[in-house]
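# Tertiary structure, described
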Amino acid sequence: MENFSILSINDIKNLNQNDQNEFIEKILRGEGKVSLITGAPKSGKSTLALNFAKAIASGTPFLGYNTMKSSVLYISLDSEADTIAHKINAMGVQNNLNLYFVTDVYIQLGNDVELSTNDEIPTLLEVLQEAGNKINDLKVVILDMFDNVRNLTEHTQYSNEKLRSDLDFVKGIAKTLDLHILLLNHDRKQGASNVYNVSIGGTKLVGLLNGSFIHLSRAGLGNKVAKIEIGGRNVEEQILNVFFDSTLCEFIKLPESEIDEIDLDIAKIRNYIQIKKEFRGTMSSLCARVGLTISASVLGKKINNNLKLLEAEGIKCEKIAGHRNGRLYCLTLI
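Attention in this report is confined to the structure presented alongside it. Everything quoted here is computed from the prediction, not taken from an experiment.

## Re the pairing of strand 11 (residues 250-253)
- One ladder, built from four bridges, connects strand 10 (residues 238-245) with strand 11; its direction is antiparallel. Each bridged residue has a counterpart across the sheet, and for F243 the counterpart in strand 11 is I252.
- Hairpin remark: strand 10 followed by strand 11, antiparallel, with four residues in the connecting loop; positive phi at C249, about 50°.

This is the structure we're talking about:
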């Protein structure tokens with residue numbers, strides 16, 4: 001039988017989670033953890049991850065949060081070396097940063113028996129062990145992309161059993177080597193109304209994480225405004241509105257003063273629509289969905305008084321008259 005421990009209440013209370021290093025405060029926290037950045041193709045996932053890497057390697061704040069300085073390894077299995085070089089040059093990355101790269105190579109996860117005999121292809125564990133021997137104070141590894149190290153077939157690509165096996169294997173590596181591993185992954189092509197279900201692998205993948213879930217969304221190619229949604233294990237759920245500076249390849253948090261001026265109830269409506277994309281129903285139903293304590297009539301007046309503000313936030317509001325259960329409203333993210 002496998003050894004295990006039975007913990008008392010005092011044992012549990014003495015496990016102080018606050019002792020974990022916060023590599024990016026309120027976003028990436030703790031060694032032995034696996035986090036995920038997901039987003040549509042060309043939404044800027046790799047660039048956001050490189051922003052994370054630069055901030056951690058330099059110990060400088062990012063998106064308004066403090067960082068803990070440590071070495072970072074960026075494994076790029078999706079972008080070629082010249083693409084990475086272009087981005088880090090635009091970002092002004094200094095040569096003395098403890099930021100390292102592995103590019104233009106195939107790596108296997110290493111938990112599939114049929115691939116384990118191929119000695120010419122390194123496993124993820126072998127790569128990270130060698131990196132740990134060569135890089136001082138290596139604490140954060142970014143893997144771009146997660147699916148590129150997995151041995152997927154038509155039958156296993158969307159298998160919950162295969163997904164659990166692969167992610168548990170990565171978590172085992174993170175724990176063994178005392179690393180925080182940040183995975184990158186694509187969104188589902190058909191999209192999803194629940195932000196925790198947007199990634200390939202859906203809520204199953206997010207539920208298997210023991211770190212942060214980070215979703216990046218941009219309205220379309222060339223759009224400068226983006227939204228970063230953050231959640232996960234022991235991570236406060238939050239939405240960051242950011243601006244993408246393509247010249248510097250950098251995401252910049254929009255001033256909080258612009259958000260503070262918004263009525264709190266309207267801000268909650270805005271955040272709800274930005275995540276759900278659309279609402280159709282009565283004001284009473286909207287109050288219940290968002291968790292507002294005001295009456296339906298008060299909410300209707302607030303929305304009517306803030307139509308221009310909501311439009312500026314990309315939300316279109318329409319009234320639909322003539323319904324037996326009361327007037328219906330349609331709020332849509334444009």
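Now that the structure has been shown, the text picks up again.
## What about the packing of aromatic side chains?
- Summed over all chains, the structure comprises three aromatic pairs.
- Where Y74 meets F101, the ring centres are 6.0 Å apart and the plane angle is 45°; that geometry is what we call tilted. Placement of Y74 in strand 4 (residues 71-76) and of F101 in strand 5 (residues 99-103) is noted, with a sequence separation of 27 residues between them.
- Residue classification places Y74 among the buried positions, given a relative accessible area of 0%.
- Residues F244 and F251 carry aromatic rings whose centres are separated by 4.9 Å and whose planes lie at 40° to one another, so their mutual orientation is tilted.
- Note on F251: relative accessible area 1%, which makes it buried.

## Notes on the sheet that holds strand 14 (residues 328-333)
- The strand order across the open sheet built from three strands is 12-14-13, with neighbouring strands paired in antiparallel fashion. Where the open sheet ends on each side, the last strands, each with one partner, are strand 12 (278-281) and strand 13 (315-320). Each adjacent strand pair in this sheet contributes to an overall mean axis angle of 10°, direction not counted.
- Relative to strand 14, strand 13 runs antiparallel, the two sharing six bridges. Bridge pairing in strand 14 places K319 opposite Y329.

## Re the environment of K54
- Mapped onto the secondary structure, K54 falls in helix 2 (residues 45-58).
- Sequence separation between K54 and L97 is 43 residues, and the spatial gap between their C-alpha atoms is 8.0 Å.
- Contacts of K54, omitting those with residues within four sequence positions, involve M91, G92, V93 and L97.
- Within the local environment of K54, its side chain forms a polar contact with the backbone oxygen of M91, the two atoms lying 2.6 Å apart.

## Comments concerning unusual backbone geometry
- Of the consecutive residues D144 and M145, the connecting peptide bond is found in the cis state with omega at 15°.
- Turning to its location among the elements, M145 is positioned in the loop between strand 6 (138-144) and helix 6 (160-177).
- Residue D104 is not a glycine yet carries a positive backbone phi of 50°.
- Relative to the helices and strands, D104 is located in the loop between strand 5 and helix 4 (113-116).
- For D104, a relative accessible area of 54% gives the class exposed.

## A closer look at a nonpolar patch on the surface
- Taken together, the side chains of V225, F243 and I252 define a hydrophobic patch exposed on the protein surface, amounting to about 230 Å² of accessible area.
- For V225, the location among the structural elements is in strand 9 (residues 225-232).

## Brief notes about helix 2
- Between the first and last C-alpha of helix 2 there are 20 Å, a value that for 14 residues agrees with the 20 Å anticipated at 1.5 Å per step.
- Most of helix 2 sits out of view: 12 of its 14 residues are buried.
- Every buried residue of helix 2 is accounted for by K45, S46, T47, L48, A49, L50, N51, F52, A53, A55, I56 and A57.
- Two residues or fewer after helix 2 comes G59, characterised by a positive phi angle close to 70°.

## As for the nonpolar core
- L28, L48, F52, I142, I214 and I228 are the most contacted members of the largest nonpolar core, which has 40 residues in total.
- Top contributing element to this core by residue count: helix 2, with eight residues.
- Look past the residues within four positions of I228 in its chain and what remains in contact with it is L48, L63, I214, H215, L216, Q238, I239, L240 and V242.
- One finds L73, V141, I181 and L209 within the second-largest nonpolar core, a separate group that totals 32 residues.

Calculation criteria
- By convention here, each chain's residues receive numbers from 1 onward along its written sequence.
- Totals for whole chains, interfaces and linings use every residue, but because this is a predicted model, local features are given only for residues with pLDDT of at least 70 and side-chain atom pairs only at 80 or more, for both listing and counting.
- The side-chain numbers reported here are obtained from all heavy atoms of the structure, hydrogens and water having been left aside.
- Here, a strand pair is defined by DSSP locating no fewer than two bridges between the strands.
- Labels follow the DSSP assignment, with helices taken as runs of H or I lasting at least four residues and strands as runs of E lasting at least two, numbered in each case from the N terminus.
- Only the six-membered ring of Trp is used, alongside the rings of Phe and Tyr, when aromatic pairs are assigned; centres must lie within 6.5 Å, and planes under 30 degrees apart are stacked while those over 60 apart are edge-to-face, with the rest tilted.
- Only protein chains enter the calculation, and the probe is 1.4 Å; a residue is then buried if its accessible area is under 20% of its type maximum, exposed if over 50%, and partly exposed in between.
- All axes here are fitted lines through C-alpha atoms, helices being fitted over the stretch that makes contact, and every angle between N-to-C directions spans 0 to 180 degrees.
- In what follows, residue pairs with any heavy atoms lying within 4.5 Å of each other are defined as contacts.
- Identification of polar contacts relies on pairs of N or O atoms within 3.5 Å, with a donor-acceptor requirement for protein atoms, meaning one able to donate a hydrogen and the other able to accept it, and with residues adjacent in sequence counted only if both atoms are side-chain atoms.
- Patch membership needs two things, relative accessible area over 30% and no salt bridge, and members are linked within 9 Å if like-charged or within 5 Å if nonpolar (Val, Leu, Ile, Met, Phe, Trp, Tyr).
- Shrake-Rupley sampling with a 1.4 Å probe provides the accessible areas, and residues are treated as covered by the protein chains on show and by no other component.
- Here a salt bridge means any side-chain nitrogen of Lys or Arg lying within 4 Å of a carboxyl oxygen belonging to Asp or Glu.
- A helix is expected to span 1.5 Å for every residue after the first.
- In this text, buried Ala, Val, Leu, Ile, Met, Phe, Trp, Tyr and Cys residues form a nonpolar core when linked through side-chain atoms within 4.5 Å.

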